[in-house]
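Take a look at the letters that make up each chain.
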Amino acid sequence: MTTLDLTVTGLRSQLVDLHRELLRWNLVVWTAGNVSARVPGADLLVIKPSGVSYDELTAESMVVCDLDGNLVDGELSPSSDTAAHAYIYRHMPDIGGVAHTHSSFASAWAARGEPIPCVLTAMADEFGGEIPVGPFALIGGDDIGRGVVDTLAGHRSPAVLMRNHGVFTVGPDARAAVKAAVMCEDVARTAHLAHEIGQPIPIPQAAVDSLHDRYQNVYGQH
């Protein structure tokens, strides 16, 4: 087995576990949603197959595609969002993982076409400001990927709410992208509840900057 083969095998196994995290945190239903990972050192990505139940996912069922979305290895058809993931990888070279969900509260903000305002310290920590809204785009081509890339340009947020659709998150690896999806739904729910009972208070920009810097560079184990 080559080093590349070993890397792809490891990513296939990791993606099975990460798709289970989507279920664990109630971010997906039925067969909707997906996670992908860039293959380091190669113009390839590994992604969930289309329309396969989460309970039936195995490392062998994950598919490998090139960065144009063409199937390279695997017996099943790639996710219908593969072209979007591939576009993100082509245009965001620092991104190593992408996740997509239709999680309820975040998707409700997307259905309203409204960004989630930065009214929680957890938002400042993880997202560095509001969670922006991207344009409406049809599934199947790279229009969604284009919307994600264009919307996140100039934003610190690793998440974007694609209007009338759902959430796309990015990260240096697939696990980080899934973490951003979990956090996005959590803050979307709390911000929604705050709106239900009153007017949320935005956090001043200087405090957002300070919180984000601390969380990204000091918090946790380094």
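Within any chain, residue numbers begin from 1 and follow the written order of that chain's sequence. Totals for whole chains, interfaces and linings use every residue, but because this is a predicted model, local features are given only for residues with pLDDT of at least 70 and side-chain atom pairs only at 80 or more, for both listing and counting. Note that water and hydrogens are dropped before the side-chain values are worked out from all heavy atoms of the structure.

Let's shift gears to the pattern of salt bridges. Here, a salt bridge means any side-chain nitrogen of Lys or Arg that lies within 4 Å of a carboxyl oxygen of Asp or Glu. Enumeration over the complete set of coordinates arrives at ten salt bridges. For Arg 12, the salt bridge goes to Asp 73, with nearest N and O atoms at 3.0 Å. Placement of the pair is Arg 12 in helix α1 (residues 3-24) and Asp 73 in strand β4 (residues 71-73), with a sequence separation of 61 residues. In this structure, the salt-bridge partner of Arg 156 is Asp 209, at a minimum N-O distance of 2.7 Å. In this pair, Arg 156 sits in the loop between α5 (143-152) and β7 (159-162) while Asp 209 sits in helix α7 (residues 205-217), placing the two residues 53 residues apart along the sequence. Judged by its relative accessible area of 39%, Arg 156 falls in the partly exposed class. By definition, any uninterrupted DSSP run of H or I lasting at least four residues is a helix, any uninterrupted run of E lasting at least two residues is a strand, and each is numbered from the N terminus. Throughout, exposure labels follow a simple rule: accessible area from a 1.4 Å probe, protein chains only, divided by the maximum for the residue type, with under 20% read as buried, over 50% as exposed, and the rest as partly exposed.

To qualify as a nonpolar core, a set must consist of buried Ala, Val, Leu, Ile, Met, Phe, Trp, Tyr and Cys residues joined through side-chain atoms within 4.5 Å. Among the nonpolar cores identified, the biggest contains 25 residues, and Leu 15, Leu 22, Val 35, Val 39, Val 46 and Val 178 are the most heavily contacted of them. Secondary-structure elements contributing two or more residues to this core are α1, β1 (34-39), β2 (44-47) and α6 (174-197). Looking at this core element by element, the count peaks at six residues for α1. Contacts were defined at the residue level, with two residues in contact if any of their heavy atoms lie within 4.5 Å. If near-sequence neighbours (up to four positions away) are discounted, Val 39 is found in contact with Leu 4, Thr 7, Val 8, Leu 11, Leu 44, Leu 45 and Val 46. The next biggest cluster of nonpolar side chains, apart from the first, holds 22 residues, and it includes Tyr 89, Ile 144, Val 148 and Met 162.

By the alternation rule, side chains of β2 split into Leu 44 and Val 46 and Leu 45 and Ile 47, which are all buried. Where β1 and β2 come together, four bridges link them in antiparallel fashion. Bridge pairing in β2 places Ala 37 opposite Val 46. Here a strand pair is declared whenever DSSP counts at least two bridges between the two strands. Between β1 and the antiparallel strand that follows it, β2, lie four residues; Gly 41 among them carries a positive phi value of about 80°. With four bridges joining them, β2 and strand β3 (residues 63-66) adopt antiparallel strand pairing. Bridge pairing in β3 places Leu 45 opposite Cys 65.

Another point: unusual backbone geometry. Even without glycine at this site, Asn 26 takes up a positive phi of about 55°. With respect to the helices and strands, the residue Asn 26 is situated in the loop between α1 and β1. Note on Asn 26: relative accessible area 63%, which makes it exposed. At Asn 164, a position not held by glycine, the phi torsion is positive, near 60°. By the element assignment, Asn 164 lies in the loop between β7 and β8 (166-171). Asn 164 sits in the partly exposed class, given a relative accessible area of 43%.

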